[in-house]
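Each chain, letter by letter, is given below.
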Amino acid sequence: MARRIPTLKALACFEQTARFGNASRAAGELYLTQSAVSRQIQGLEEWLGCKLFAREKQRLVLTAEGETYLQAIRPALDQLETATLTFLSGGAEGGVLTIAAPPTFGSRCLIPLLPDFRRTHPDIVINFISRIGMPDFDREQIDIAVLFGDGQWPGLESHRLHGEEMVPICSPKLIAALDHPPQPDNLGDYALLHIATRPRGWSDWLKASGITGIDGENGPKFEHFTMAMQAAIAGLGVALLPTFAIEDELASGRIVAPFGPPRASPFHYYATCPAGRARLPKIRAFMTWLENREDTERLIAPR
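Going along each chain's sequence as written, the residues are numbered from 1 onward. Given that the model is predicted, a residue must reach a pLDDT of at least 70 before its local features are reported, and side-chain atom pairs must reach 80 or more before they are shown or counted; all residues, however, enter totals for whole chains, interfaces and linings. Just so you know, side-chain values use all the structure's heavy atoms and leave hydrogens and water out.

The next thing to look at is the packing of aromatic side chains. We call Phe, Tyr and Trp rings a pair once their centres come within 6.5 Å, taking the six-membered ring for Trp, and we label the pair stacked below 30 degrees between planes, edge-to-face above 60, and tilted otherwise. Across all of its chains, the model carries 14 aromatic pairs by this definition. Residues Phe 148 and Tyr 269 carry aromatic rings whose centres are separated by 4.8 Å and whose planes lie at 55° to one another, so their mutual orientation is tilted. Linking Phe 148 in strand 5 (residues 144–149) with Tyr 269 in strand 10 (residues 263–274), this pair joins segments that are 121 residues apart in sequence. Residues Phe 225 and Phe 244 carry aromatic rings whose centres are separated by 6.2 Å and whose planes lie at 75° to one another, so their mutual orientation is edge-to-face. A residue pair is termed long-range when its members are at least 10 positions apart, and Phe 225 in helix 8 (residues 225–233) and Phe 244 in the loop between strand 9 (238–242) and helix 9 (247–252) qualify at 19 residues. In this scheme, a residue with accessible area under 20% of its type's maximum is buried, one over 50% is exposed, and one in between is partly exposed, where area comes from a 1.4 Å probe on protein chains only. On the basis of relative accessible area, Phe 225 is assigned to the buried category, the value being 8%. Under the scheme used here, helices are H or I runs from DSSP no shorter than 4 residues and strands are E runs no shorter than 2 residues, and both carry numbers assigned from the N terminus.

Shown next, in the form of structure tokens:
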């Protein structure tokens, strides 16, 4: 008996249109014309007997029926993709594994561990790219991404690595003129250097330290940890940085941390991958390796 299911082309058009909210972008992703995508969706709606999308201004938004159907079929589509990729790889763990991670975390915390992974999985070649924030796993062909947050990303499977502790640092020259040991209250005398990806970093640290009367919102902003640290070394102000990012500079004396102890961030780093691909041999091998490493939980713990 023939299965009562739509064509995979129709389902792919539906899923990508729901993803982008735009038939034209879905068409580009699927290498089809916009009219072809629209016909597939129209045919699917007729086959199901309900409207899947409603137009709101310039976007196509899922109806309640469309959202219910998408959530129901997505696991099956993910499973089909996983089965196909596993078959194409011959079911082996070999292949190319592309990992995206924030630059400082990647270079200081994750890359030093990779020789051990290579020894245990010599058939897997790792490509490592720098990326801050959520990548486009499909378009960029990324297998695993390291993300910073609460671990709740719809459609992703997450493996928690560790938390992050932040501490104020500056150039020794910045506090050389003080006639007393630096105190947290002295922070109000300096520019607070901010990191774009941690917009509430200073406010949270000041609150956790019980410090009032200092504006934790204003000050120069820098995109990367390295930029903020170089600004601090140059004497532009006091930067709030994670302990894992400053060990070498503290040891060398280029920077000091005189304003108080590190404070834990409420968020953590996670190794993530699309849930439908978590069973791919190469991804499963990497995640299992992370879980089995005794030092994984100390990836970015303070030394």
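Right, let's get into the packing of helix 1 (residues 8–20) against helix 2 (residues 23–30). Lines fitted to the C-alpha atoms define the axes, with helices restricted to the stretch that makes contact. Angles between their N-to-C directions range from 0 to 180 degrees. Two elements in contact, helix 1 and helix 2, have axes whose closest approach is 8 Å; the angle formed by their N-to-C orientations is 125°. Considering their axes alone, helix 1 and helix 2 lie oblique with respect to each other. Helix 1 and helix 2 meet at a crossing whose hand is right-handed. For the pair formed by helix 1 and helix 2, the contact residues are Ala 12, Cys 13, Gln 16, Thr 17, Arg 19 and Phe 20 on the first element and Ala 23, Arg 25, Ala 26, Glu 29 and Leu 30 on the second. All amino acids are sorted into three groups, where Ala, Val, Leu, Ile, Met, Phe, Trp, Tyr, Cys and Pro are nonpolar, Asp, Glu, Lys and Arg are charged, and the leftover types, Gly among them, are polar. When grouped by side-chain class, the residues that make up the contact of helix 1 with helix 2 number six nonpolar, two polar and three charged. Put simply, angles under 35 degrees are roughly parallel, angles over 145 are roughly antiparallel, angles from 65 to 115 are roughly perpendicular, and the rest are oblique. Left-handed describes a crossing in which the near helix is turned anticlockwise from the far one by less than a right angle; the clockwise case is right-handed. Throughout, a contact is declared for two residues whenever any of their heavy atoms are within 4.5 Å.

Moving on to the packing of helix 1 against helix 3 (residues 34–48). Closest axis-to-axis distance for the helix 1/helix 3 pair is 9 Å, and the angle between their directions is 105°. As far as their axial angle goes, helix 3 and helix 1 are roughly perpendicular. Contacts from Lys 9, Ala 10, Leu 11, Cys 13, Phe 14 and Thr 17 of helix 1 reach helix 3 at Val 37, Gln 40, Ile 41 and Leu 44. The residue makeup of the contact of helix 1 with helix 3, split by class, is seven nonpolar, two polar and one charged.

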